[in-house]
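The primary structure of each chain is shown beneath.
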Amino acid sequence: MMAKIVKGKAFKGVVNYILDKEKNTEILDVDGLRMKSKASIIRSFVTQASLNTRVSKSVCHISLDFSTQDKDKLLNAVMVKIARNYMQKMGIVNTQYIIARHFDKDHPHIHLVYNRIDNNGKTITDSNDRFWSEKICKELTQSYGLYFATGKENVKEHRLGEPDKTKYEIYNSLKTYVPKCQSWKQLTTELKKAGIETEFKTKGNSKEIQGIRFKKNDYFFNGSKVDRMFSYSKINYQLNMNVKAQTISQSHSVNKPTPSTGESMGSGLGGFFNIPSGVGYDENETEFQRLMRKKKKKPKFGRQI
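Residues numbered from 1 in each chain as written. Predicted model: local features only at pLDDT ≥ 70, side-chain atom pairs only at ≥ 80, totals over all residues. Heavy atoms only, no water.

Draft legend 1. Looking closely at the pairing of strand S5 (residues 109-115). The element S5 is extensively covered by neighbouring structure, given that seven of its seven residues are classed as buried. Alternating positions in S5 separate into two faces, His109, His111, Val113 and Asn115 on one and Ile110, Leu112 and Tyr114 on the other, with burial throughout. For strand S3 (residues 59-65) and S5, the ladder comprises seven bridges, and the chain directions are antiparallel. Bridge assignment links Asp65 to a residue of S5, and that residue is His109. Inspection of the sheet shows strand S4 (residues 97-102) paired to S5 by six bridges, in the antiparallel sense. The residue bridging Ile98 from the neighbouring strand is Val113, located in S5. (Buried < 20%, exposed > 50% of the residue type's maximum accessible area, 1.4 Å probe, protein only. Helix = DSSP H or I, 4+ residues; strand = E, 2+ residues; numbered from the N terminus. Pairing = 2+ DSSP bridges.)

Shown next, in the form of structure tokens:
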């Protein structure tokens, strides 16, 4: 479950949107509004908003989106209950609202429109509302036994435009090769085959590497912007763990690292990159690092492999 919050000045546009017949709209819940027509709904909102003209944006529109994996369990009554719990936790009380469900997309979702001017003419605060909304969505997802999406797995890449499309291509390549490689040299070689260039950032005038970024299709992305699991230190640590795992496998040792030590070697990204303090270099990287230092220094991101 996730929420998208938008605030505005006019009720007409948002009411027309959520009641669009082409979206196979079903009105699930209403409070404080005259439901004779779209016009009467809009007038109800506007009349109450006029109780406090100091607030320029009295309209709040929230889309609550759920995973397709929860489609069978999200009956209308359940979605109303979730929406009411969400509103209560968000402090959206004692005011006009309408909740409508749309069926124009694969995933279940509802639209909530409420008046930020409550029934007594007071303002419903929006202070840190996005922060609290994210926290509440996680709580409700857990309490209702809904599906937790992990990472970027549910992103529909075919719908993305640039530069996001390229970023996800880099993400998928890193997700594939980081668990398989045992050195930076091996990793950068595999990424290059996928059309991705790797550049390292050094600390000040020293040769100490402290950052990384990737280039593809003339777009640059810092590792941590692709995903927090792909910062330089976390990739570096995982490469070292890959070497250790390979050594253990070859020796048939029974002392295999467990997930609690941060040395999980699952095929996915869950459990990867559990970094302790003081990440160092693996000795197998010594020669590669030495060759890198011999290259001519370039400002900031200048070291390409």
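Structure shown, so let's carry the discussion forward.
Draft legend 2. Quick peek at the packing of aromatic side chains. Here the structure, examined in full by the defined rule, presents seven aromatic pairs. A centroid spacing of 4.5 Å and a plane angle of 0 degrees characterise the contact between Phe11 and Phe45, whose relative ring orientation is stacked. Note that Phe11 is positioned in helix H1 (residues 11-18) and Phe45 in helix H2 (residues 38-49), a separation of 34 residues in sequence. Judged on exposure class, the residue Phe11 and its partner Phe45 are both buried. Relative to Tyr232, the ring of Phe200 has its centre 6.0 Å away and its plane inclined at 85 degrees; by these criteria the two rings are edge-to-face. With Phe200 in strand S6 (residues 197-202) and Tyr232 in helix H8 (residues 232-251), this pair connects stretches of sequence that are 32 residues apart. Assigned by exposure class, Phe200 and Tyr232 land together as buried. Members of the aromatic cluster, each reached through a chain of ring pairs, are Tyr168, Tyr171 and Phe230. (Phe/Tyr/Trp six-rings, centres within 6.5 Å; stacked < 30°, edge-to-face > 60°.)

Draft legend 3. The arrangement of the confidence of the model for the protein chain in detail. Confidence in the prediction of the protein chain, expressed as mean pLDDT, is 84, and 79% of residues score 70 or more. The low-confidence segment residues 259-284, where pLDDT is below 50, has 51 contacts with residues more than four positions distant or belonging to other chains. (pLDDT = per-residue confidence, 0-100. Contact = heavy atoms within 4.5 Å.)

Draft legend 4. Layout of the environment of Ser133. For Ser133, the location among the structural elements is in helix H4 (residues 129-143). Between the alpha carbons of Ser133 and Tyr86 there is a distance of 8.2 Å; along the sequence they are 47 residues apart. In contact with Ser133, not counting residues within four places along its chain, are Ala3, Ile5, Tyr86 and Met90.

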